[in-house]
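A closer look at the structure
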Amino acid sequence: MSLTVLTSAYRLRSICRLQRIQSHMMSSQVEPGVLLEKVGSAGVITINRPKVLNALNLPMIRQIYPQLKKWENDNETAIVIIRGAGGKAFCAGGDIRAVTEAGKVGDPLAEDFFREEYILNNAIGTCRKPYIALIEGITMGGGVGLSVHGRFRVATEKTLFAMPETAIGLFPDVGGGHFLPRLRGKLGLFLALTGFRLKGRDVQRAGVATHFVESKKIPELETALVDLKSPSAEDVSRVLDSYQSQSSLDSEKPFVLDKHMSDIDRLFSSSSVEGIVQNLKADGSEFANKQAETLSRMSPMSLKITYKQLKAGATLSLQDVLVMEYRLSQACMRGCDFYEGVRAVLVDKDQNPKWNPSTLEEVSEQAVEQCFSSLGDKDLTF
């Protein structure tokens, strides 16, 4: 066989092999992290990373934000619906591991992620079109930011809400400083410091969700919403109310914290985190002991930052809260507890973080104050 024929045969095999590899790569390509579609007069956002509980990353934020602004200004779009794919989670939080790795090496992702996420949170809070978040499954951290500032939040019996950031050396961000202190009594402060989990109908009873609809009715509800012709917020409200009235599941059960609300208001009324811990220890009830034990595992620095964040946030606009929280996020990137918390809880999973400082008493007022100081021209602006 001549050299030319051999070369041609080899080249042909190489081309075939290349085509096979390309087709395999195309068939196994990762699904887009966000699906954006127009259905009827509704703009529909589907968070589409079910294998990682729909964790939010920067490329997803960069897809959602411009589309949301476009729909807000589009006369053909009347409402915006956001939902999670897969049924297990609406969105379990931000892609914290990627942010941690970036923060360790001074990569700009540690700035860009928080900056652009908070700008999106604000866009949701100021959206002129009715914004409906279907918060089925796990809704934590970044998932709370994608939902709680919108006009309507629909929980199901599968919803699991929490802001567990103090356990990883962070604080309840994404506008937590705005919505948490606006919950009744000291409930928001309690949820922020302890990371207490609310489930199902209790998410609505706490004031985090506006409606409760049984999971099996959600597809029907989605259809009813997208079929609305030029709906107003009142029209959307009527549809949600009607589906809620058809959902009697767990309606006879009291709010999980009902019997503890007066205790929460009393025990969490103090001018410092140390005061709250003293109140809990002095109370001695099973509930108080459990909360004291929970707080003892959290980052002392995070607890103090969170306390001050919610106190300040109670009287600030959402925008001003997000400016404050951006400063705090960058303080956490400069500190050490965030990296240690992520290591202990998400990477090594030994659940044994070594906080620095290790006690509340060692966290100085000056150190806390520093976290809130201006970043100058690096401050978040809208």
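Above this note sits the structure.
All of these numbers come straight from a predicted model, not from anything done at the bench.

1. Considering the overall build of the chain
Tallying secondary structure elements over the chain gives 17 helices and 10 strands in all. Here the chain has a C-alpha radius of gyration of 24 Å; the compact-globule value for 382 residues is 21 Å, and the two agree. With the principal axes as the frame, the chain shows a C-alpha extent of 95 × 50 × 40 Å. Buried positions account for 51% of the 382 residues belonging to the chain. Residue pairs at least 24 apart in sequence account for 74% of intrachain contacts in the chain once pairs closer than 6 positions are excluded.

2. Side note on the layout of surface pockets
Considering only enclosed or pocket space, the largest pocket measures out at about 1400 Å³ in volume. What lines the largest pocket is a set of 47 residues, among which Met140, Pro164, Ala167, Arg197 and Val345 lie closest to the centre. The greatest single-element share of the lining of the largest pocket, amounting to six residues, is contributed by helix H13 (residues 286-297). By residue class, the composition of the lining of the largest pocket is 24 nonpolar, 11 polar and 12 charged.

3. Some details on helix H12 (residues 273-283)
Those residues of H12 that fall on the buried side of the exposure criterion are Val273, Glu274, Gly275, Ile276, Val277 and Leu280. Where H12 is buried, its residues touch helix H7 (187-194), helix H11 (261-267), H13 and helix H14 (300-313). Two or three places before Gly275, at the start of H12, stands the capping residue Ser272, its side-chain oxygen 2.9 Å from that residue's backbone nitrogen. A positive backbone phi angle near 75° is found at Gly284, which sits one or two residues after H12.

4. Some points on the nonpolar core
Buried together is how nonpolar side chains tend to be arranged in soluble globular proteins. Judged by nonpolar contacts, the single largest core of 90 residues is most densely connected at Leu146, Phe161, Leu187, Leu257, Phe268 and Phe338. If we ignore the near neighbours within four places in the chain, the residues touching Leu146 are Ile47, Leu56, Ile82, Phe90, Cys91, Leu120, Asn121, Ile124 and Tyr131. Membership of the second largest hydrophobic core comes to 20 residues, among which are Val44, Leu225, Val236 and Val239.

5. Side note on the pattern of salt bridges
Within the structure shown, the criterion is met by 20 salt bridges. Here Asp250 and Lys253 are joined by a salt bridge, their closest N and O atoms 3.5 Å apart. The class for Asp250 is partly exposed, based on a relative accessible area of 24%. Of the residues examined, Lys253 reaches a relative accessible area of 47% and is grouped as partly exposed. With a closest N to O distance of 2.9 Å, Glu340 and Arg343 form a salt bridge.

6. Here we look at the sheet that holds strand E4 (residues 89-91)
Spatially, the four strands line up as an open sheet ordered E4-E6-E8-E9, and their pairing is mixed. Lying at the two open borders of the sheet, with one neighbouring strand each, are E4 and strand E9 (198-199).

7. Focus on the pairing of strand E2 (residues 42-47)
With six of six residues buried, E2 is to be regarded as a mostly interior element. Burial along E2 is two-sided: Ala42, Val44 and Thr46 facing one way and Gly43, Ile45 and Ile47 facing the other are all buried. Hairpin connection of strand E1 (residues 34-39) to E2: two residues between the antiparallel strands, including Gly40 at a positive phi of 60°. Running through helix H2 (residues 58-72), the crossover from E2 to the neighbouring parallel element strand E3 (residues 79-84) is right-handed.

8. Side note on the packing of aromatic side chains
This structure, assessed with the given rule, holds eight aromatic pairs. Centre to centre, the rings of Phe113 and Phe114 are 5.7 Å apart; their planes meet at 80°, and the pair counts as edge-to-face. The burial state of Phe113 is the same as that of Phe114; both residues are buried. Note on Phe190 and Phe196: the rings are 5.4 Å apart at their centroids and 45° apart in plane angle, and the pair reads as tilted. Residue classification places Phe190 among the buried residues on the basis of a relative accessible area of 0%. Clustering of aromatic rings is evident, with ring pairs tying together Phe113, Phe114, Tyr118 and Tyr326.

Cut-offs applied
Residues numbered from 1 in each chain as written. Predicted model: local features only at pLDDT ≥ 70, side-chain atom pairs only at ≥ 80, totals over all residues. Heavy atoms only, no water. Helix = DSSP H or I, 4+ residues; strand = E, 2+ residues; numbered from the N terminus. Rg over C-alpha atoms; globule rule 2.2 N^0.38 Å. Buried < 20%, exposed > 50% of the residue type's maximum accessible area, 1.4 Å probe, protein only. Contact = heavy atoms within 4.5 Å. 1 Å grid on protein atoms, 1.4 Å probe; cavity = no way out; pocket = protein on both sides within 12 Å on 5 of 7 lines; lining within 4 Å. Points joined across faces, edges and corners; volume = space filled by probe spheres on them. Nonpolar A, V, L, I, M, F, W, Y, C, P; charged D, E, K, R; others polar. Polar contact = N/O pair within 3.5 Å; in protein donor to acceptor, adjacent residues only side chain to side chain. Core = buried A, V, L, I, M, F, W, Y, C linked by side-chain atoms within 4.5 Å. Salt bridge = Lys/Arg side-chain N within 4 Å of Asp/Glu carboxyl O. Pairing = 2+ DSSP bridges. Right-handed = clockwise from strand over helix to strand, strands pointing away. Phe/Tyr/Trp six-rings, centres within 6.5 Å; stacked < 30°, edge-to-face > 60°.

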